[in-house]
Amino acid sequence: MGKDVIVACDFSGKKEVLDFLDKFGGRKPFVKIGMELFYAEGPEIVREIKARGHKIFLDLKLHDIPNTVKKAMAVLSGLDIDMCNVHAAGTISMMEAALEGLKRPDGTRPLLIAVTQLTSTSEERMREDLLIDKPIDEVVMHYALNAKKAGLDGVVCSPLEAEKVHRICSDSFLTVTPGVRFADGNKGDQVRVMTPEQAKAIGSDYIVVGRPITAAEDPVASYNRCVDEFVG
Ligand code: C5P
C-alpha cells in the first residue's frame with residue numbers, strides 16, 4: 001500500500017456512515033472505523049463497508065493481556081480489514097501476540113500499527129497520572145522502537161513526530177498521522193496540526209482526516225483536495 005488519505009468516519013450509526021459514503025459514487029476512499037461506530041453497529045458494519053469495496057482501518061486500540069489480544073485480533077483479521085492497532089503501552093510481548101493473532105490461514109494479515117502516547121496526553125499528565133518521568137518525545141520514540149522490535153508495521157503519531165520516527169525506526173516503518181487541517185480551515189479541537197501538503201513533505205505515509213471532510217459542505221471536493229495535496 002502506498003501513500004493514502006484515510007477518512008475518519010466518526011459517525012454514530014449505520015445510516016449516517018452509509019449515506020456519507022454514498023456521496024462518493026464510484027470512488028472508494030480508505031475508511032477508518034472507530035470505537036463509536038463499531039460498538040454501535042458491531043462487526044456487520046465492517047463487512048458491509050468492506051463489501052462496498054473500501055479498505056478499512058479498524059481503530060479499536062487494543063490493550064489487554066497478550067493472550068486476550070491475540071484471540072481478539074484473530075477475530076478481527078477474519079473481518080478482512082486492512083489495518084488495525086494496539087497500544088504500545090501493552091508491552092512488546094502484547095504487540096507480538098497481536099501480530100500472531102492477526103495472521104490468516106493463507107499467510108496474509110492486516111497492517112498492525114501501534115498507538116504511542118495519545119496526543120491528548122500531556123507531559124504533565126504522563127508524569128503525574130502515569131508516573132512516567134521522561135520527556136514525552138523520548139517516550140513516543142521508545143514506544144515506536146518497541147513496536148518495531150515486536151515486528152509491527154508502524155505507529156500512529158502526530159505529524160510533527162513522523163520525521164523523527166522514520167529517522168529512528170526506518171523509512172519503511174509506517175507513520176499514520178491524524179491532526180490534519182487545510183491551511184484555510186478550522187482547527188476545531190486539534191491543536192498541533194499540519195496541512196496535507198506539509199504532511200506529505202515531512203514523509204507521513206497515511207493521513208487520517210475526519211471533520212475537514214465529513215463536516216464539509218462538499219465532502220467529495222474536500223476529499224479530492226486532500227488527495228491532490230497529499231498524494232499529489
Ligand atoms: O476530525 P478529525 O480530523 O480531528 O479526526 C481525526 C481522527 O483521528 C479522529 O477519528 C480521532 O479520533 C483520530 N485520532 C486523533 N489523534 C490521535 C489518534 C487518533 O485525532 N492521536
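Scope of this entry: the structure provided in the associated data block. Every value quoted in this text rests on a predicted model; they were computed, and no experiment measured them. Sequence order as written defines the numbering, with residues in each chain counted from 1. In view of the model being predicted, local features appear only for residues whose pLDDT reaches at least 70, and side-chain atom pairs are presented and counted only at 80 or more, with totals across whole chains, interfaces and linings using the full set of residues. Water and hydrogen atoms were dropped before computing side-chain values, which therefore reflect all heavy atoms in the structure.

1. Some thoughts on the pattern of salt bridges
Here's step 1: The salt bridge definition used is simple: a Lys or Arg side-chain nitrogen within 4 Å of an Asp or Glu carboxyl oxygen. Using the criterion set out here, one finds 14 salt bridges in the structure.
Here's step 2: Across the salt bridge formed by K61 and D59, the nearest N and O atoms sit 3.0 Å from each other.
Here's step 3: In this scheme, a residue with accessible area under 20% of its type's maximum is buried, one over 50% is exposed, and one in between is partly exposed, where area comes from a 1.4 Å probe on protein chains only. Overall, K61 belongs to the partly exposed group, its relative accessible area being 24%.
Here's step 4: D59 gets classed as buried once you look at its relative accessible area, which sits at 7%.
Here's step 5: Each of the salt bridges in this network shares a partner with another, and the network as a whole consists of K32, D59 and K61.

2. Quick look at the packing of helix α1 (residues 14-22) against helix α3 (residues 43-51)
Here's step 1: Axes, fitted as lines to C-alpha atoms, cover a helix only where it is in contact. Angles between the N-to-C directions of the axes lie from 0 to 180 degrees. Helix and strand assignments come from DSSP, with helices taken as H or I runs of at least 4 residues and strands as E runs of at least 2, each series counted from the N terminus. It is the contact of α1 with α3, at a shortest axis distance of 12 Å, that shows an interaxial angle of 10°. Judged by the angle between their axes, α1 and α3 are roughly parallel. Seen along the crossing, α1 lies across α3 with a hand that is right-handed. Of the residues in α3, those in contact with K14, V17, L18 and L21 of α1 are I45, E48 and I49.
Here's step 2: Polar here means any residue outside two lists: the nonpolar Ala, Val, Leu, Ile, Met, Phe, Trp, Tyr, Cys and Pro, and the charged Asp, Glu, Lys and Arg; Gly therefore counts as polar. Of the residues in the contact of α1 with α3, the class split is 5 nonpolar, no polar and 2 charged. For classification, angles of less than 35 degrees are called roughly parallel, those exceeding 145 degrees roughly antiparallel, those between 65 and 115 degrees roughly perpendicular, and all remaining angles oblique. Crossings are sorted by hand: turned counterclockwise from the far helix by less than a right angle, the near helix makes the crossing left-handed, and turned clockwise it makes it right-handed. In what follows, residue pairs with any heavy atoms lying within 4.5 Å of each other are defined as contacts.

3. Thoughts on helix α8 (residues 159-169)
Here's step 1: Within the span of α8, buried status applies to P159, E161, A162, V165, H166 and C169. Here the buried residues of α8 occupy an arc of 145° about the axis, which is enough to place them on one side.
Here's step 2: For α8, the elements touching its buried residues are α7 (136-149), β6 (154-156) and β7 (174-177).
Here's step 3: Immediately beyond the C-terminal end of α8, within one or two residues, lies S170, with a positive phi of roughly 150°. Think of it as the arc spanned by the lines of direction from the helix axis to the C-beta atoms.

4. Notes on the sheet that holds strand β2 (residues 30-34)
The strands making up a sheet associate through backbone hydrogen bonding, with each pair oriented either parallel or antiparallel.
Here's step 1: Any two strands between which DSSP finds at least two bridges are classified as paired. Strand order in this closed barrel of 8 strands is β1-β2-β3-β4-β5-β6-β7-β8, and the pairing throughout is parallel. Between one strand axis and the next, the sheet turns through 25° on average, direction left out of account.
Here's step 2: Sheet analysis places β7 next to strand β8 (residues 206-209), joined by 2 bridges and oriented parallel. Paired with V176 across the bridge in β8 is Y206.

5. With respect to the site of the ligand
Here's step 1: Neighbouring the ligand are A8, D10, K32, T119, P178, R181, Q190, V208, V209, G210, R211 and P212.
Here's step 2: A distance of 2.7 Å separates an oxygen atom of the ligand from a polar atom in the side chain of R211.
Here's step 3: Burial of the ligand by the surrounding chains reaches 82%, relative to a free accessible area of 470 Å².
Here's step 4: Grid points spaced at 1 Å over the protein atoms alone were grouped into cavities, where a 1.4 Å probe fits but cannot get out, and pockets, open sets with protein on both sides within 12 Å along at least five of seven lines, with lining residues defined by an atom within 4 Å of a point. Think of it this way: if more than half of a molecule's atoms are within 2 Å of a pocket's grid points, that molecule is in the pocket or cavity. Judged by its atoms lying within 2 Å of the grid points, the ligand is housed in the largest pocket.
Here's step 5: Listed by contribution, the elements that provide at least two residues to the shell around the ligand are β8 and α10 (211-214).
Here's step 6: Residues that form the shell around the ligand fall into these classes: 5 nonpolar, 3 polar and 4 charged. Any residue with a heavy atom lying within 4 Å of a molecule or strand is counted as near it. Think of a polar contact as two N or O atoms within 3.5 Å of one another; within protein, one of them needs to be a possible hydrogen donor and the other a possible acceptor, and neighboring residues in sequence only count if both atoms come from side chains. Residue exposure ignores everything except the shown protein chains as possible cover, and the areas themselves are Shrake-Rupley values with a 1.4 Å probe.

Everything listed here is a matter of coordinates, which is why it stays silent on function.
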